[in-house]
Structure formats: structure tokens, C-alpha cells
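Notes for the structure review
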Amino acid sequence: MQLDGKTPSGPLQDKWDKYRFETKLVNPANKRKYSVIVVGTGLAGSAASASLAELGYNVKTFCIQDSPRRAHSIAAQGGINAAKNYPNDGDSIWRLFYDTIKGGDFRAREANVYRLAQVSNSIIDQCVAQGVPFAREYGGMLANRSFGGAQVSRTFYARGQTGQQLLLGAYSALSRQIGTGKVEMFTRRELVDIVIVQDKARGIIVRNLITGEMERHAADAVVLATGGYGTVFYLSTMADSCNVGAAFKAYKKGALFANPCFTQIHPTCIPHTSDYQAKLTLMSESLRNDGRVWVPKDSNDNRRPNQIPEEERRYFLEEKYPSFGNLVPRDVASRNAKEMCDAGLGVGATGYAVYLDFADAIKRDGKDVIQRKYGNLFDMYRNITDDNPYETPMMIYPASHYTMGGLWVDYELQTTIPGLFSLGESNFSDHGANRLGASALMQGLADGYFVIPYTIGPYLATNGVSDITENHQAFRDAAQKALEHDQKLLAINGKQTVREIHVKLGKIMEEHVGMARNAAGLKQAIEEIQGLREDFWKDVKVPGTASDYNLSLQKAGRLADFLEFAEVMALDALERDESCGCHLREEHQTEENEAKRDDDGYCHVAAWEYDGYGNTPKFHKEPLVFENVALTQRSYK
Amino acid sequence: MTTTEEHTINITLKVWRQKGPRDKGRFETIPVQNVETHTSFLEMLDLVNEKLTHEGKEPIAFDNDCREGICGTCGCVVDGVPHGPQKAMTLCQLHMRKFSNGDVIAVEPWRARAFKVIKDLMVDRSPLDKIIQSGGYVSVNTGSPQDANAIPVPMDVAEKAMDAAACIGCGACVAACPNASAMLFVSAKVSQLALLPQGKPEAAERAISMVKAMDDLLFGNCSNHRVCEAVCPKEISIINIARLNREFIKAGFASEAV
């Protein structure tokens, strides 16, 4: 298969204009004849649903939650980037583009990233027009802050709830279209299959989570905005319902999955304490602006942290990275914390935590200043751990947080299945091997508001209105197959719960496919995943029936996908025999233990094609061509 | 202050079980042994569900998602109080250290005429979405609006709007209200948009259509009990209800929509 990214020709700055000019439009009067399915109502899905409906398309929108307002975009705290340059500090579209491509360690497509930077400003305008209450300065102008180590202040925010406010903005636009009847909204639905007729995506099968019924929906195009796959690690900062299901069903139907091994681990999360734990809570990384990270020098030191004298502490980030100190990028901070814990220096109940100490900052600035800056985070920490961070250091540990990999898409955000598009975190397109802070919200909204409304047009205009309905045999077959899959799961009646097996999968992934990877570990992971998958199909216990709200059955289905997908992730990490961004292969490090890229061998997108259950997927390469930026080595010394 | 040491407690749950909207429902008594006090309330329910699953019984159905207090999915009435005994907190943020050994804990779904029970502790809150669909937005299409800084918003106004916008739509206010009114929910959205210049052109119509939608969807009216404010996990103030009343009365004079 030849992968064609469909990047328009011409200078980088003109590509998007050129594309929009040359593209085939759907006549305004004809738009109402087309129907589009959108799956997911996070930033990308809500924004796409509203914008497509405003254009005149008939939209059917689906979400797994009980309301489109609850998708996990809502949990993003920090902010959203844009190249507005309001603070007059030297920002520009080009700088935002460059920072994003460099932050991704040169493993993303130039043209896509440039477009993202270009539309970033329109996103802020759009959100303000909707009534999103961004933070303001006294004069009434929008406030900006620097975020995630960026050297310009380009981040817009709404307290610590930026994701929530942006999502509620998109939700309000979506609600308006539901009110006018242009969007038909289906909540508590989970995608279980994508229906392909004559090689084109023609609709979906969804499980009605309340009744268990398999519902069939046909349309002229299908848009997936179904988020990432961070819960493959079991413990993550994701919401309970986040899963790889929709993207994985697309993969099984022939869409290629790109760079699945690129996953981001966030350094400042509340550590794992016990197996009952359901999730890890993220705390904004702004904490590292004032907190100092350390471990005891002696691995047998069991004293309370306040009793350990200064000279017996190891401030490992400050020692190793004198200029950036505690503010090194997410992946570097995460890896170093793991290294310390692997060496036996970790603290806390499991030995997998490091201290984040505010004592010096409180001494320097006073408790009031620290409280004003981080009061809500300290309260949250105290509520969860019952420990007072004003008096004793916090304990933190990295956790799975975002996935850069996703369905392979071209410049039009179309997958390798014609008529199937993928937006936001569910595609692979813009963040390369590492995502910068405050860029996830930007990409979700860019794809939904400002890219898909244009790029879906040519497909619809070229292919015309489909006459395939839900009664087509392909729909009946797919629904029947989904029912049989359920029956198979219910019939196993083994001894282990879904959760117990998922915990085991998480441990394999964290151990071998987490922050640092090596060939031997990855090979072992693949074997262990295969073994666990066999166990699952022999020994899982799913009570209840398929004709009811059955959470165990829903979760069993999601875990079945993860047990196949995890192997593709490990395989991708094994195949990528270099380090880049968040993907650290221990065999390839610089002298300072940084990711050492191999641009001659691996400057490409790795895209995997499904080749039947249990078979090794086929590998495809999309070479990455850099015409506008020079490939450099990241250094934070 | 409690210590950080591990404790375990034994509790008895009286949990509402209901097969579906038409089932009558009943309390089921479930003793739960050795609950670590570091667990959250929902993690405790997870463990109960694991045990029920091993016994081949159906787990307790309850809604939850982000488990960090922002998505608004979770919520049950615990010992008579929506989201449980701790102030300004969603149920997912409540921890078992707030309970004592030997406690009997009653767990029920939101009860309101507008919210049908789906199963056990899950209810249908889609009427809240329908209220938003009736006018809880600024009518602006995706496109090229004016530059964001062309609409200055004084800092104090932006802050007040943000206070109102912090509503997570969990429905605790409705569950707490003796009239099962959604006034606090409606007032939060009406306030946010009426305070901001972007929302002013449609303010009158919005107030009228959202209140009408609330009435049509079988929510009750406000009679100033203020329990909504007391249970709200995001501490949305009833000042917003005063603002909604002003907007509504003003709309009666100004709008042709009446």
C-alpha cells in the first residue's frame, strides 16, 4: 500500500489556502441531502457536529456518556495555545508551528502542523464569541500565560478548567443544532462496528448501553472523534469510559493505525497506592515551577521526609539538568523519576513515588503566595491522600495521560478507508512523538471547527448521495456479528473479572511498553500479552445478559480490543529501533540519557495494517519530509 | 487531623436496587468488610461490584466517568445528601476516611420527577440537556467572528461569569430541592451569558425559553430553600437565581417572546 498524505504542493504558508481554493465544494442547496455520522462529543466531535450542521449537513452524533457535555476533554486543566501574540513577546504562527514540530521530535507532518498553528487564532475568536469565560486582565483584554516551558506566553485559560469551558462552548453550539433539529443526538451509545460497503464507510453499528440493542445507522460519511487509548495501561489519568474500541474497530476494517507506541506520560500525578485504585489523578505541571523534586540518597531511609537532612537528599533533576532543573519537559522528568524508583530510591507505600517539596518556596515567598498559586491543587492533593503538602512534601509519580498515536489520516483527516475520517486525539496527525502542553485542546478544536468542515466536502461532492440504508445486508451482518461477540463473552463464565485481567495487562504495559523500553522487554511483553489474551477468552467472568445495561459486558468488549491492540503497540515500539520524544529505547540514548533519534532510519510514520486475528499486522511507512525546518537534537542541559 | 496511616473499617450499605424504570425498586443490605479508608467512595463500590461479580450476581449500576470531580457524571444520595456528607465535592472525590467503623450508609439515586431511574443508582438527566437546547447558548456559527480582544470584558465580570460557568450539570441541585426544581442549573447558564457582552442580544429570549423548558420538563419551581446551593459540588451561588429572576422579569417588559 502506498500511503499518500495528500499534502498540497507549494510554499508551506500557502498550502491551506491553496487546498481550500482548489477543492471541490458541495453546492449549498445540496448539503441538506447528505448525512454525516459523528462519533464522540469531546472538543473535536462536538465542534465538528455543530459546524457541519451549521453548513447544512444532516448530522447524527453519538456519545458513550449520558450527555454530550461530559467527554474527557472536560478534564484538561492548563489551557489552549494560540499564536495571537497579544503579549507582544515574539510569538507568530511560524513559531508555534516550529515549537510544535520540534516538541514532537520531528515525527509529525510539516503541512498538518503548520495548518494547526494557522487556525489556532480563529479558535480563540470563535470560543470568545460563544461566551467562553477566559481569564482577563483588568482592562478587559484576554490574559495569557507561559505553559509547559514555552518561551512565549501564548496560552489562554479559564482558571484551572480550560477544557471544561471550551467543551461547554462546543456543547452549547452542538445543543443549538440539536434544538434546530439539524443534529440528531444519541447518548449512551458505544460504537461496536463500522460498516463498509464497496470499500467505503457507510455507517456504524452502536450498542444502546441501556437496552443492549445493536442499532444500525447509515450515512454518507463517518467521522470518528473518539479520543485516545491511555487506559491500555489500566491506571491512567483518563476517564472510566475512555477506550480504543472505535479506533480499533476501524483498524480491523482496514484503516491503518499510526505510531501506536507514541504515548505521553505526565510527570505530576498522585501515585498509585493499592490495587483497589481506579485511576490516577493528574495535578497541573505548573507545580514544578516552585516544587523541588527529590528522593533520599539512601534506599533504606525510612524516616519521614521532614526528618531527612538536606545533605542526605538527592535533587536529581537539579543535579542532572542544571539549567532547566525541575522544569525539564514531561518525558524527561517522568523518565528520571522512574529511574530513581527502579534504583530503589523511591518513596511511599509502593516505592514508586518521588517527593515534590514546597518547603523552600514557602520559606522564600510565604505560605500565602504559594496558596494563591496552587491552593486548589494542594486541596485536591490533601483530599485524596489526607496529607498536608504545606507541611510535608507531596508524593508524585508519572501516569499515562495522552496518546499521540492514532488512526493514520491524510491532510484531509481521512483514514485509509474512504469516507472514514478521524479527528482530535483519535488520529495521529499533529503531535509527532510528544505533545506540548496546551496543544491537545488546540488540535481537537482545530480539527472540529476549522478543518473537517472543509475537508469532508471533496469526498461528499465526488461520491454523491448514497442510497445504502440500514437494511443493507452489510448492516444486518455487522449487527449480528456484534451480538455473537457478546454471546461468546457471556458464555465463557470463567473465574477472573474483567478488572482483574485489565490490571494484569496494565502491569505488562507499564513494565515493558511504558516510559523506557528495550528490545528484550518488548518481545517479552508481546508474549505475555498473547498469553493474557488466551486467558481472557478462556477465563473471564461476565455476569448478566446482553439485553440490559450490563457494564461488565461493555468493559469485557473494551478489554478484548485492548488485548489485541496492546500487541500492536509493543510491536510498533519494537520496530522503532530509535528513541524519539516520549519513546525511549534504552539502547538509543545520548550520553546524558536523552532520546537519541535516528533520522536516517526512522524519520517516518509507522502505520500498521490489520491482517487477521492473531497474525502480525503489515507494516507500512510514510516517509516524513522536512522542507522548512532543520532537524536538531533536543537539549535541556 | 486524621493521620495518613492505613485503616480498615467495616460498613453496611443499604443500596437502592431497581431493575429498570418500571420496577418498583428496593433497598438491598450489603455488608462490606475491610474497607481501606484511603479508598474513594466509588472505589469502594467498585470492590463491592467485584465481589458481586465473583458471586455471579449483577453489579450495582452507577454512573461515573472522570473521577476527578469535573465531568458531572457521578452522583448518588448518600445518607440523605446528594454527593454525600462533604461540602463542595462530587461523590467521586468523597473518601472512606470520612466514615467510621460500623456505619450504616444509605445510597440512593437522585430522586426527582424529571429524572427517571434507569437502573439502580443511574438516572436519566437528559432533561438538563434539553433545557440547554432551548436557549443556553450564544447563536454564533463557526466562521470568522471578530478578533477575540475586540470584545473587552472587565475582569470582575469575567470572574462572575466564570463562577456561574463552573456548573458541571450533575443534577445534585435538583435532587436536593424539595420541589425538584432546576433553578440553580438554569440560573447558572442564564447568568453566565447575561453577564457577558456576547450573550446580551439574546438575554431576554434566553431567560424566557429556558424557564419555559424547565417547566415543560416537569421540574418544580423555586421557593428559596437554598439546599441547592448547600449541596452544589461547585458552590454555584443562589445569587445566580436572583440574577435569573431579574433577567426573567426584565424579559417580560422587553421581549416580544412573552
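Residues numbered from 1 in each chain as written. Chains lettered and ligands numbered in written order. Predicted model: local features only at pLDDT ≥ 70, side-chain atom pairs only at ≥ 80, totals over all residues. Heavy atoms only, no water.

1. Concerning the overall build of chain B
Under the convention used in this document: Here a helix means four or more residues in a row that DSSP labels H or I, a strand means two or more in a row labelled E, and each is numbered from the N terminus. Contacts are assigned to residue pairs with any non-hydrogen atoms lying within 4.5 Å of each other. Each accessible area is a Shrake-Rupley estimate made with a 1.4 Å probe; only the visible protein chains count as cover when residues are assessed.
Helix and strand content of chain B: eight helices and seven strands. For chain B, restricting intrachain contacts to residue pairs at least 6 apart in sequence, the fraction spanning at least 24 positions comes to 70%. Carbon and sulfur atoms provide 53% of the accessible area of chain B, an area that totals close to 10,800 Å².

2. Points about the overall build of chain A
Put simply, the rule reads: Computation of the radius of gyration draws on C-alpha atoms alone. For the globule rule, the value is 2.2 Å times the number of residues to the power 0.38. In this scheme, a residue with accessible area under 20% of its type's maximum is buried, one over 50% is exposed, and one in between is partly exposed, where area comes from a 1.4 Å probe on protein chains only. Residues scored as positive are Lys and Arg, those scored as negative are Asp and Glu, and His as well as the terminal groups of each chain are ignored. Here the site of a charge means NZ on Lys, CZ on Arg, CG on Asp, or CD on Glu.
Secondary structure summary: chain A contains 16 helices and 19 strands in total. A compact globule built from 637 residues should have a C-alpha radius of gyration of about 26 Å, and chain A, at 24 Å, falls within 12% of that. Oriented by its inertia axes, the alpha-carbon framework of chain A measures out at about 75 × 60 × 50 Å. When each of the 637 residues of chain A is scored for burial, the buried share is 67%. Pairs at least 24 residues apart make up 73% of the contacts formed inside chain A by residues separated by at least 6 positions. In the structure as shown, chain A presents an accessible area of about 21,700 Å², 47% of it carried by carbon and sulfur atoms. The positive charge centre, built from 73 side chains, and the negative charge centre, built from 80, are 4 Å apart in chain A.

3. Brief notes about the packing of helix 14 (residues 519-539) of chain A against helix 15 (residues 551-575) of chain A
All names here are of chain A. Applicable threshold: To obtain each axis, a line is fitted to C-alpha atoms, and for helices this fit is confined to the stretch in contact; angles are then taken between N-to-C directions over 0 to 180 degrees. Between 65 and 115 degrees an angle is taken as roughly perpendicular, under 35 as roughly parallel, over 145 as roughly antiparallel, and anywhere else as oblique. Take the far helix as the reference: if the near one is turned anticlockwise from it by less than a right angle, the crossing is left-handed, and if turned clockwise, right-handed.
Two numbers describe how helix 14 lies on helix 15: the axes approach to 9 Å, and their chain directions differ by 160°. On the basis of the axis angle, helix 14 is roughly antiparallel to helix 15. As helix 14 runs across helix 15, the sense of the crossing is left-handed. Each of Ala519, Leu522, Lys523, Ile526, Ile529, Gln530, Leu532, Arg533, Phe536 and Trp537 in helix 14 lies in contact with helix 15, whose residues at this interface are Ala556, Leu559, Ala560, Leu563, Glu564, Ala566, Glu567, Ala570, Leu571, Ala573 and Leu574.

4. Description of the nonpolar core
All names here are of chain A. Selection criterion: Nonpolar cores are built from buried Ala, Val, Leu, Ile, Met, Phe, Trp, Tyr and Cys residues. Side-chain atoms within 4.5 Å join them into one set.
One finds Ile80, Phe134 and Ile456 to be the most contacted residues of the largest nonpolar core, which totals 86 residues. At 11 residues, helix 11 (residues 440-463) tops the list of elements feeding residues into this core. Setting aside residues up to four positions removed in sequence, Ile80 forms contacts with Ile123, Ile124, Phe134, Arg154, Thr155, Phe156, Thr162, Leu166, Ala438, Leu441, Met442 and Leu445. Grouped together as the second largest cluster of nonpolar side chains are 66 residues, Phe186, Ala219, Ile417 and Leu563 included.

5. Describing the domain arrangement of chain A
Residues and elements named next belong to chain A. As a reminder, the rule being used: Boundary definitions for the domains trace back to an automatic or database domain assignment. Buried area: the sum, over both parts, of the accessible surface (1.4 Å probe) that disappears when the two are put together. Salt bridge, as used here, is a side-chain nitrogen of Lys or Arg placed within 4 Å of a carboxyl oxygen of Asp or Glu.
Split into domains, chain A comes out as domain 1 (267-399) and domain 2 (483-623). Each of domain 1 and domain 2 has a C-alpha centre, and these two points are 30 Å apart. Between domain 1 and domain 2, the contact holds 12 residues from the first and 10 residues from the second. For the pair domain 1 and domain 2, the summed buried surface comes to about 960 Å²; carbon and sulfur atoms form 50% of the total. Counting the surface domain 1 buries against domain 2, the share from its top three residues, Asp275, Arg335 and Lys338, is 51%. Put simply, domain 1 and domain 2 have one salt bridge between them.

6. Let's talk about the interface of chain A and chain B
One frequent convention defines the size of an interface as the accessible area lost when the parts assemble. On the chain B side, the residues contacting the 73 residues of chain A number 75 residues. Roughly 6,500 Å² is buried in total at the junction of chain A and chain B, and carbon and sulfur atoms are behind 50% of that figure. Considering only the side of chain A, the residues that lose the most area to chain B are A:Arg70, A:Tyr276 and A:Asp386, jointly responsible for 12% of the buried surface there. Between chain A and chain B we count nine salt bridges in total.

7. Things to note about the packing of aromatic side chains
Residues and elements named next belong to chain A. The cut-off we apply is this: Geometry of aromatic contacts follows a simple scheme: Phe, Tyr and Trp rings, the Trp one being its six-membered ring, pair when their centres are within 6.5 Å, and the pair is stacked under 30 degrees between planes, edge-to-face over 60, tilted otherwise.
Taken as a whole, this structure holds 33 aromatic pairs over all chains when the rule is applied. Measuring from ring centre to ring centre gives 4.6 Å for Trp294 and Tyr355, while their planes differ by 40°; the resulting arrangement is tilted. Taken together, the positions of Trp294 in strand 12 (residues 292-296) and Tyr355 in strand 14 (residues 354-357) put the pair 61 residues apart, joining distant regions of the chain. Its relative accessible area of 7% is what places Tyr355 among the buried residues.

8. Quick notes on the domain arrangement of chain B
Residue and element names in this part refer to chain B. Along its sequence, chain B is organised into domain 1 (8-119) and domain 2 (125-138 + 152-254). For domain 1 and domain 2, the distance between their C-alpha centroids amounts to 28 Å. Counting residues at the interface gives 20 residues for domain 1 and 21 residues for domain 2. Taking both partners together, domain 1 and domain 2 bury about 1,600 Å²; carbon and sulfur atoms supply 62% of that area. Where domain 1 touches domain 2, the interface holds one salt bridge. Of the charged contacts, one joins Lys87 and Glu235 as a salt bridge, the two residues approaching to 4.0 Å between their closest N and O atoms.

9. Considering helix 14 of chain A
Residue and element names in this part refer to chain A. Stated precisely, the cut-off is as follows: The span expected for a helix works out to 1.5 Å for each residue beyond the first. Taken from the helix axis, the directions to the C-beta atoms give the arc we talk about.
An ideal rise of 1.5 Å per residue puts 30 Å on 21 residues; helix 14 measures up with 30 Å between its terminal C-alpha atoms. Listed in full, the buried residues belonging to helix 14 are Ala519, Gly521, Leu522, Ala525, Ile526, Ile529, Leu532, Arg533 and Phe536. Angular distribution of buried residues about the axis of helix 14 spans 145°; they occupy a single face of the element. Exposed side chains of helix 14 directed beyond 90 degrees from the buried face belong to Ala520, Glu527, Glu534 and Lys538.

10. Regarding the side chain of A:Arg115
Residues and elements named next belong to chain A. Assignment of secondary structure puts Arg115 in helix 4 (residues 110-130). In this structure Arg115 is buried but unpaired, with Asp447 as the nearest side chain of opposite charge at 5.5 Å. Excluding residues that lie within four positions of it along the chain, Arg115 makes contacts with Trp16, Tyr411, Leu413, Val451 and Thr455.

11. Section: the sheet that holds strand 1 (residues 8-17) of chain B
Backbone-to-backbone hydrogen bonds join strands into a sheet, with any given pair of strands oriented parallel or antiparallel. All names here are of chain B. Inclusion rule: Paired strands are those between which DSSP finds at least two bridges.
The strand order across the open sheet formed by five strands is 2-1-5-3-4, and the pairing between neighbours is mixed. Each edge of the open sheet is held by one strand with a lone partner, namely strand 2 (26-36) and strand 4 (81-82). As defined by bridge partners, strand 1 adjoins strand 5 (residues 104-108) across four bridges and the pair is classed as parallel. Of the residues in strand 5, the one forming a bridge with Thr12 is Val104.

12. Here's the deal with the sheet that holds strand 8 (residues 214-218) of chain A
Residues and elements named next belong to chain A. Read across the sheet, three strands follow the order 6-7-8 without closing on themselves; strand pairing throughout is antiparallel. The outermost strands of the open sheet, each flanked by one partner alone, are strand 6 (189-197) and strand 8. If you compare each strand with its neighbour and ignore which way they point, the axes differ by 25° on average. Pairing between strand 6 and strand 7 (residues 200-208): eight bridges, direction antiparallel. Residue Val195 lies in a different strand from strand 7, and its bridge partner there is Gly203. Of the strands in this sheet, strand 6, strand 7 and strand 8 touch helix 12 (residues 473-492), which is tilted by about 150° from strand 8.

13. Concerning a nonpolar patch on the surface
Residue and element names in this part refer to chain B. Worth spelling out the cut-off: Residues qualify for a patch when their relative accessible area is over 30% and they have no salt bridge, like charges being joined within 9 Å and the nonpolar side chains of Val, Leu, Ile, Met, Phe, Trp and Tyr within 5 Å.
On the surface, a cluster of nonpolar side chains totalling about 370 Å² of accessible area is made up of Phe248, Ile249 and Phe253. Counting through the fold element by element, Phe253 comes out in helix 8 (residues 239-254). The class for Phe253 is exposed, based on a relative accessible area of 75%.

14. Some points on the environment of B:Ala166
Within the element layout of this structure, B:Ala166 appears in the loop between helix 3 (155-165) and helix 4 (172-176). Distance in space between the C-alpha atoms of B:Ala166 and B:Ile70 is 9.1 Å, their sequence separation being 96 residues. Not counting residues within four places of it along the chain, the set of residues in contact with B:Ala166 comprises A:Gln161, A:Gln164, A:Gln165, B:Lys234 and B:Ile236.

15. Quick notes on unusual backbone geometry
At A:Asn493, a position not held by glycine, the phi torsion is positive, near 50°. Along the chain, the position of A:Asn493 falls in the loop between helix 12 and helix 13 (498-512). For A:Asn493, a relative accessible area of 52% puts it in the exposed group. A positive phi is found at B:Ala180, a non-glycine position, where the angle reads about 50°. Among the secondary structure elements, B:Ala180 is positioned in the loop between helix 4 and helix 5 (183-195).

16. With respect to the packing of helix 5 of chain B against helix 6 (residues 203-216) of chain B
Residues and elements named next belong to chain B. Relative orientation of the contacting elements helix 5 and helix 6 amounts to 165°, with a least axis distance of 10 Å. Taken together, the axis directions place helix 5 and helix 6 in an arrangement best described as roughly antiparallel. At the point where helix 5 passes helix 6, the crossing takes the right-handed sense. Touching Met183, Val186, Lys189, Val190, Leu193 and Ala194 of helix 5 are Arg206, Ala207, Met210 and Met214, all from helix 6.

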